[in-house]
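The lines below spell out each chain.
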Amino acid sequence: MREKYLPYYATYSARAPITFIFDMLFRARTSGQRISLNYRLHDYLKLQKNPQLFILHRKINAILLDALKKWPDHDYGEGYFYQSCSEVELGGLRDTAGRMQAMHLRDYCKNMYVVDIGCNSGFLDIALAPIARKITGFDINPFIIDIGKEVLAYLGVTNVALSATTFEVFIASEPADIVLSFANHSTFDGNTEQTVRTYIEKCHQILRPDGLLLFESHHPTYESKESLEETCKIITEMFSLQERRILQSKNFFDNGRTFIVARKTT
Ligand SMILES: C[S@@+](CC[C@H](N)C(=O)[O-])C[C@H]1O[C@@H](n2cnc3c(N)ncnc32)[C@H](O)[C@@H]1O
């Protein structure tokens, strides 16, 4: 998101797609930025016929810009959106619908109370809302949480609560049936203060007896095999392993991650 894009979200502009294409071809510095500009272009073209959605995109892009100026840490979307949200025509680096399918989240979360650690904008939670009983998502970054809240309000979703807090201080209001730990057991922004062991212990603590931990690793480019194996070892000390597999996806950012389903036993 750049300051100069904001007026394009005040009044629909025929110049905007040209700017997005130009920036995608000549200004983007990373592949993440190039891909995100491509999403921005396609999302924008869908807004012309939907004034309400246009207003939502105006609001959330203004928050994104604010985050770029005021949030000092890694933003996970390179100034764009980390998670996609097809419900409101938003592309993101991580394909929410694809992840839901690859991890069979609809089956695991049906009628459950789900806690999503480091939920980013909570777009996975929004996708799970029609299936789950109740969802609590939280993230340390207040800006991306505000984006999620705008989308919740727009869609009229009432069984998802998003809050800006850290896992270190999070207290669950009731024992969770399912805990989602997706790309979160360690983070690149330096904002995770606890060790992986303390992190997994806390996942265990907030789950009900027999509850499930659904764990997704980081992308293999960013997480060594040794470090992932150490994390898996810690999980198996406290949980019984139900499933472990490598997720396949055409989306680079989702492909090759390890997915684990582990049941709380003690
Ligand atoms: C790699 S992203 C994963 C986001 C989301 N779980 C997903 O898989 O789509 C890591 C997220 O963790 C958040 N985060 C970092 N440290 C945190 C902490 N101590 N407590 C809560 N969230 C944190 C970041 O702001 C970021 O949104």
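Residues numbered from 1 in each chain as written. Predicted model: local features only at pLDDT ≥ 70, side-chain atom pairs only at ≥ 80, totals over all residues.

K.L.:
How should the overall build of the chain be read in this particular structure?
P.N.:
When you go through the chain residue by residue, the secondary structure sums to nine helices and seven strands. A compact globule built from 266 residues would reach a C-alpha radius of gyration of about 18 Å, and the chain, at 19 Å, matches this within 12%. Counting only C-alpha atoms, the chain reaches 60 × 40 × 30 Å along its principal axes. Taking all 266 residues of the chain together, 39% fall into the buried category. Restricting to contacts in the chain with at least 6 residues of sequence separation, those with at least 24 account for 67%. (Helix = DSSP H or I, 4+ residues; strand = E, 2+ residues; numbered from the N terminus. Rg over C-alpha atoms; globule rule 2.2 N^0.38 Å. Buried ≥ 20, exposed ≤ 12 C-beta atoms within 10 Å, placed from the backbone. Contact = placed C-beta atoms within 7 Å.)

K.L.:
Sorry if this is basic, but what is going on with the site of the ligand here?
P.N.:
Of all residues adjacent to the ligand, which total 20 residues, the nearest are Gly118, Asn120, Thr166, Phe182 and Asn191. Tallied by class, residues from the shell around the ligand come to seven nonpolar, nine polar and four charged. (Near = placed C-beta within 6 Å. Nonpolar A, V, L, I, M, F, W, Y, C, P; charged D, E, K, R; others polar.)

K.L.:
Is there a simple way to explain the nonpolar core in this structure?
P.N.:
In terms of nonpolar packing, the biggest core is built from 59 residues, with Val114, Ile126, Leu128, Ala176, Ile178, Val179 and Leu213 touching the most fellow members. Among the elements that make up this core, the one with the highest residue count is helix 7 (residues 142-155) (six residues). Mapping this core onto the domain boundaries places at least three of its residues in each of domain 1 (3-88) and domain 2 (96-264). Each residue touching Val179, except ones within four places of it in the same chain, is listed here: Val115, Ile117, Cys203, Ile206, Leu207, Gly211 and Leu213. (Core = buried A, V, L, I, M, F, W, Y, C linked by C-beta atoms within 7 Å. Domains from an automatic or database assignment.)

K.L.:
What am I meant to see in the packing of helix 3 (residues 51-70) against helix 7 here?
P.N.:
Pairs of packed helices are described in terms of their axes, by the angle between the two and the distance that separates them. Two elements in contact, helix 3 and helix 7, have axes separated by 9 Å at closest approach and are oriented at 170°. Between helix 3 and helix 7, the angle is such that the two are roughly antiparallel. Counted together, Leu56, Lys59, Ile60, Ile63, Leu64, Asp66 and Ala67 of helix 3 and Phe143, Ile144, Asp146, Ile147, Glu150 and Tyr154 of helix 7 form the full contact between these two elements. In terms of residue class, the contact of helix 3 with helix 7 is made up of nine nonpolar, no polar and four charged. (Axes fitted to C-alpha atoms, helices over the stretch in contact; angles between N-to-C directions. Parallel < 35°, antiparallel > 145°, perpendicular 65-115°, else oblique.)

K.L.:
Before we go on, may I ask you to explain the sheet that holds strand 2 (residues 134-139) in this structure?
P.N.:
Within a sheet, adjacent strands bond to each other through the backbone by hydrogen bonds, running parallel or antiparallel. If you walk across this open sheet you meet the seven strands as 3-2-1-4-5-7-6, and the pairing is mixed. Here the strands that pair on one side only, and so sit at the sheet edges, are strand 3 (160-164) and strand 6 (239-246). Neighbour-to-neighbour, the strand axes of the sheet open up by a mean angle of 15°, direction not taken into account. Examined bridge by bridge, strand 2 and strand 3 share five bridges and lie parallel to one another. Bridge pairing in strand 3 places Phe138 opposite Ser163. Contacts from helix 7 reach strand 2 and strand 3, with the element oriented near 155° to strand 3. (Pairing = 2+ DSSP bridges.)

K.L.:
Can you walk me through the environment of Leu41 in this structure?
P.N.:
With respect to the helices and strands, Leu41 occurs in helix 2 (residues 31-47). Judged by the 18 C-beta atoms lying within 10 Å of it, Leu41 is partly exposed. Taking the C-alpha atoms as reference points, Leu41 and Arg99, separated by 58 residues in sequence, lie 23 Å from one another. Sequence-distant contacts of Leu41, that is, excluding residues within four places in its chain, are made with Pro17, Phe20, Ile21 and Met24.

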